[in-house]
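Fold and geometry: a report
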Amino acid sequence: MAFGILLSISSTLKPLPYTLRYVWCFAFVLLGIAMIAVLIVLIRKRFVWLLGFAFIIIYLFAAGRGAFTCELNASRLKRVNNFRGKEVIATINDTTYTWDGENVSYDRSNLDYIDYSTLEKVSVTIDGEESSYGLLQCTDSADLALEVYGGATGVFLILSPEGEKNENG
């Protein structure tokens, strides 16, 4: 269980350079320490090994989920951090879309692919340099999503039409 606590600490530290929203995952470290303390207090009891085994199983699932969440989001935040402070602009025909530097989505379910064959002009620039990242249309707004990573869930920068304030995030 001590090894699991070390893994929990390691996983929780990974997203913290980008955001403090995952500090709550240190609760799994405290849970592990509490479980060890209970086992130490009950060390002389007859079936303490059974309780220890149950604690290990519980900790594996509880802390494992927390560690997975922190690891996944650290990876996502690292990818998004590559675009922070950069000017991200997409132009479709005569409409310009910009990224506010914050609005991001990891959910592909509300996005549709754009049919480029029906468009006259499509361009994406990052700090003035042409980019080949794909654009998707948000189905619930006039925003576009720039797919910067196409993994299992994807990482999408949400671009709003110039002059409009984004209401998604």
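The following refers to the structure shown. (Residues numbered from 1 in each chain as written. Predicted model: local features only at pLDDT ≥ 70, side-chain atom pairs only at ≥ 80, totals over all residues. Heavy atoms only, no water.)

1. Digging into the nonpolar core
Counting 17 residues, the largest nonpolar core has Val88, Leu135, Leu144, Leu146, Leu157 and Leu159 as its most contacted members. For this core, the elements supplying multiple residues, two or more each, are strand 1 (88-92), strand 2 (95-105), strand 4 (122-126), strand 7 (144-149) and strand 8 (155-161). With residues up to four places along the chain from it excluded, the contact list for leucine 135 reads Ala90, Ile92, Ile114, Tyr116, Val122, Val124, Leu144, Ala145 and Leu146. (Core = buried A, V, L, I, M, F, W, Y, C linked by side-chain atoms within 4.5 Å. Buried < 20%, exposed > 50% of the residue type's maximum accessible area, 1.4 Å probe, protein only. Helix = DSSP H or I, 4+ residues; strand = E, 2+ residues; numbered from the N terminus. Contact = heavy atoms within 4.5 Å.)

2. Here we look at unusual backbone geometry
Residues other than glycine seldom take positive phi values, yet asparagine 93 does so here, at roughly 55°. Relative to the helices and strands, asparagine 93 resides in the loop between strand 1 and strand 2. Assessed through its relative accessible area of 29%, asparagine 93 is described here as partly exposed. Positive phi values are uncommon outside glycine, yet aspartate 127 reaches one of about 55°. Aspartate 127 sits in the partly exposed class, given a relative accessible area of 45%.

3. Notes on helix 1 (residues 2-13)
An α-helical turn contains 3.6 residues, so any two residues separated by three or four positions project in the same direction. With 12 residues, helix 1 extends 17 Å from end C-alpha to end C-alpha; this agrees with the ideal 16 Å at 1.5 Å per step. Taken as a whole, helix 1 has its buried residues at Ile5, Ser8, Ser11 and Thr12. Buried residues of helix 1 fall within an arc of 130° about the axis and therefore sit on the same side. In this structure, helix 1 carries Phe3 and Leu6 as exposed residues pointing more than 90 degrees from its buried face. Looking at the packing, one finds that the buried side of helix 1 touches helix 2 (26-41) and helix 3 (48-81). (Expected span 1.5 Å × (residues − 1). Arc of directions from axis to C-beta.)

4. Section: the packing of aromatic side chains
Overall, the coordinates contain 2 aromatic pairs when judged by the stated rule. The positively charged end of arginine 76 is found above the aromatic ring belonging to tyrosine 106, 4.3 Å away from the centroid. The ring of tyrosine 149 has arginine 79 lying over it, and the distance from NZ or CZ to the ring centre is 3.6 Å. (Phe/Tyr/Trp six-rings, centres within 6.5 Å; stacked < 30°, edge-to-face > 60°. Lys NZ or Arg CZ within 6 Å of the ring centre and 35° of its normal.)

5. Some points on the pattern of salt bridges
If the charged atoms of two oppositely charged side chains come close together, the side chains can form a pair. Scanning the model with the defined rule gives 3 salt bridges in all. Across the salt bridge formed by glutamate 71 and lysine 14, the nearest N and O atoms sit 3.1 Å from each other. Here glutamate 71, found in helix 3, pairs with lysine 14, found in the loop between helix 1 and helix 2; they are 57 residues apart in sequence, far enough to count as distant. Exposure remark for glutamate 71: the relative accessible area of 31% places this residue in the partly exposed category. When the shortest N-O distance is used, the salt bridge between glutamate 102 and arginine 84 registers 3.8 Å. Placement of the pair is glutamate 102 in strand 2 and arginine 84 in the loop between helix 3 and strand 1, with a sequence separation of 18 residues. (Salt bridge = Lys/Arg side-chain N within 4 Å of Asp/Glu carboxyl O.)

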